[in-house]
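# A structural walkthrough
So the chains spell out like this:
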Amino acid sequence: MLRPITETVLFDLDGTLLDTIGLILESYHHVRDAHFSDHELEEDHFRVRLGVPLVGVFRELVGDDERRIDELVEHYREHNRRIHDTRIRAYEGVPEMLA
């Protein structure tokens, strides 16, 4: 019997196996609406920052105020956790490929 060359395969889950773009943007917009309603942000402000760590995205908005950054990150994560299971889906063909 032939043995496979690779016995273990690692996948990036977020944005590779699962479509999480909508979830991420909705979470950013939730924080924006709650904390930055007075800021003039481009429509795609958060979209062009997909993949940038949360701390870096929020640091751009509030500077080096670590307490404020932590507050924004926690607000983002709380909202993200609350809506996560209703906003993500596997990309087409992924469940079959994994099976």
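These remarks concern the structure in this document. Predicted model only: the values in this text are computed from it and were never measured.

Two descriptors summarise a pair of aromatic rings, namely the distance from one centre to the other and the angle between the planes of the rings. Applying the stated criterion across every chain yields a total of four aromatic pairs. Plain terms: the ring middles of Tyr28 and Phe58 are 5.8 Å apart, the flat faces sit at 70° to each other, and that makes the pair edge-to-face. Placement of Tyr28 in helix 1 (residues 21-35) and of Phe58 in helix 2 (residues 54-62) is noted, with a sequence separation of 30 residues between them. The structure contains a cluster of three or more aromatic residues connected by ring pairs, namely Tyr28, Phe46, Phe58 and Tyr76.

All right, on to helix 2 then. Looking only at helix 2, the buried set comprises Leu54, Val57, Phe58 and Leu61. One face of helix 2 carries all of its buried residues, which in axial projection span an arc of 90°. If you follow the buried residues of helix 2, they end up packed against helix 1 and helix 3 (66-87). Taken from the residues just after helix 2, Gly63 is the one with a positive phi, measuring 75°.

The interhelical angle for the contact between helix 1 and helix 3, taken along N-to-C directions, is 135°, at an axis separation of 9 Å. Classified by the angle their axes make, helix 1 and helix 3 are oblique. Seen from above, helix 1 lies across helix 3 with right-handed handedness. Every residue of helix 3 that contacts helix 1 at Leu23, Ile24, Glu26, Ser27, Tyr28, His30, Val31, Ala34 and His35 is listed here: Arg68, Glu71, Leu72, His75, Tyr76, His79, Asn80, Arg82, Ile83, His84 and Arg87.

The next point concerns the pattern of salt bridges. Within this structure, the stated rule accounts for ten salt bridges. Among the ionic pairs, Arg67 bridges to Glu71, the shortest N-O distance being 3.5 Å. Separated by four residues within a single helix, Arg67 and Glu71 lie in helix 3, roughly one turn from each other. Accessibility expressed as a relative area gives 33% for Glu71, which makes it partly exposed. The residue Glu71 makes a salt bridge to Arg68 at a minimum N-O spacing of 3.3 Å. With Glu71 and Arg68 both in helix 3, this residue pair falls three residues apart, about one helical turn. Overall, Arg68 belongs to the buried group, its relative accessible area being 18%. Each of Arg59, Asp64 and Glu66 takes part in salt bridges that share partners, so that together they form one network.

What counts and how
Residues numbered from 1 in each chain as written. Predicted model: local features only at pLDDT ≥ 70, side-chain atom pairs only at ≥ 80, totals over all residues. Heavy atoms only, no water. Phe/Tyr/Trp six-rings, centres within 6.5 Å; stacked < 30°, edge-to-face > 60°. Helix = DSSP H or I, 4+ residues; strand = E, 2+ residues; numbered from the N terminus. Buried < 20%, exposed > 50% of the residue type's maximum accessible area, 1.4 Å probe, protein only. Arc of directions from axis to C-beta. Contact = heavy atoms within 4.5 Å. Axes fitted to C-alpha atoms, helices over the stretch in contact; angles between N-to-C directions. Parallel < 35°, antiparallel > 145°, perpendicular 65-115°, else oblique. Left-handed = near helix turned anticlockwise from the far one by under 90°. Salt bridge = Lys/Arg side-chain N within 4 Å of Asp/Glu carboxyl O.

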